[in-house]
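So the chains spell out like this:
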Amino acid sequence: PEERAKINQPSDVAALVSYEMEGFEQEQLWVILLDTRNRVISIERIYKGSLNSSSVRIAELFRAAIQRNAASIVLVHNHPSGDPAPSPEDVALTRGAIQAGRLMDIEVLDHLVIGLGKYVSLKERGLAFSG
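Described below are features of the structure shown in this document. Fair warning: this is a prediction, and the values are worked out from it, not measured in the lab.

Cut-off values and rules
Residues numbered from 1 in each chain as written. Predicted model: local features only at pLDDT ≥ 70, side-chain atom pairs only at ≥ 80, totals over all residues. Heavy atoms only, no water. Core = buried A, V, L, I, M, F, W, Y, C linked by side-chain atoms within 4.5 Å. Buried < 20%, exposed > 50% of the residue type's maximum accessible area, 1.4 Å probe, protein only. Helix = DSSP H or I, 4+ residues; strand = E, 2+ residues; numbered from the N terminus. Contact = heavy atoms within 4.5 Å. Pairing = 2+ DSSP bridges. Axes fitted to C-alpha atoms, helices over the stretch in contact; angles between N-to-C directions. Salt bridge = Lys/Arg side-chain N within 4 Å of Asp/Glu carboxyl O. Lys, Arg positive; Asp, Glu negative; His and termini not counted. Polar contact = N/O pair within 3.5 Å; in protein donor to acceptor, adjacent residues only side chain to side chain.

For the rest of this paragraph, the subject is the nonpolar core. By size, the foremost hydrophobic cluster in this structure holds 21 residues, and its most contacted members are Leu 33, Leu 61, Phe 62, Ile 73, Leu 75 and Val 108. If you list the elements that add at least two residues to this core, you get strand 1 (28-34), helix 2 (58-67), strand 3 (72-78), helix 3 (88-104) and strand 4 (107-114). Here this core takes 5 residues from helix 3, the largest share from any one element. Setting aside its immediate chain neighbours within four residues, Leu 75 contacts Trp 30, Val 31, Leu 61, Ala 97, Val 108, Asp 110, His 111 and Leu 112. Of all hydrophobic cores here, the second largest spans 14 residues; its members include Val 17, Met 21, Val 74 and Ile 114.

Next up, the structure:
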């Protein structure tokens, strides 16, 4: 069987998706589905276009995770401007996903914003993951 990528830290996520995500001219939101050992089950492309928290349905973030029996997920999206600074909407979306995940017993491990040659982990920054 093919060896699946394992996610141990934010840099693992960045290494997995940055090359592709840095090239997009529009914002995209992906969900990485992980098993109980943090190995990648799949990468689901959820949204393309301009993102704001009102256009993202939390249910859509978890649909594939439920179908594929994922233990946890990592959210990742790009900022075509190249600046990976998280917006208030990014933080709000992450908070909503964490709360929903708790109800479904699917942990949101992190949310990465990919910029040009750099990324920001909301978890490392303590945004939305405290408390």
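Next up on the list: the sheet that holds strand 5 (residues 119-121). The mixed open sheet is built from 5 strands, whose spatial order is 2-1-3-4-5. Every other strand in the sheet has two partners, leaving strand 2 (40-48) and strand 5 as the edge strands with one partner each. The mean angle between the axes of side-by-side strands here comes to 20 degrees, regardless of whether they run parallel or antiparallel. Bridge analysis of strand 1 against strand 2 gives 7 bridges, and the strand direction is antiparallel. Directly across from Val 31, in strand 2, lies its bridge partner Glu 44. In the packing of helix 1 (residues 10-21) onto the sheet, the strands contacted are strand 1, strand 2, strand 3, strand 4 and strand 5, and the crossing angle to strand 4 comes to about 45 degrees.

Before going further, it helps to spend a moment on the pattern of salt bridges. Scanning the entire structure with this criterion turns up 5 salt bridges. A salt bridge links Arg 39 to Asp 35, with the shortest nitrogen-to-oxygen separation between them at 2.8 Å. For Arg 39, a relative accessible area of 27% puts it in the partly exposed group. Assessed through its relative accessible area of 11%, Asp 35 is described here as buried. Through salt bridges with shared partners, a single ionic network connects Arg 4, Asp 35 and Arg 39.

The residue Asp 110 is located in strand 4 in this model. Buried and unpaired, Asp 110 has Lys 123 as its nearest opposite-charge partner, separated by 6.8 Å. Here Ser 121 takes part through its side chain, which lies 2.6 Å from a polar atom of the side chain of Asp 110. Here Lys 123 takes part through its backbone nitrogen, which lies 3.1 Å from a polar atom of the side chain of Asp 110. The contact partners of Asp 110, leaving out residues within four places of it in the chain, are Pro 10, Ile 73, Val 74, Leu 75, Ser 121, Leu 122, Lys 123 and Phe 129.

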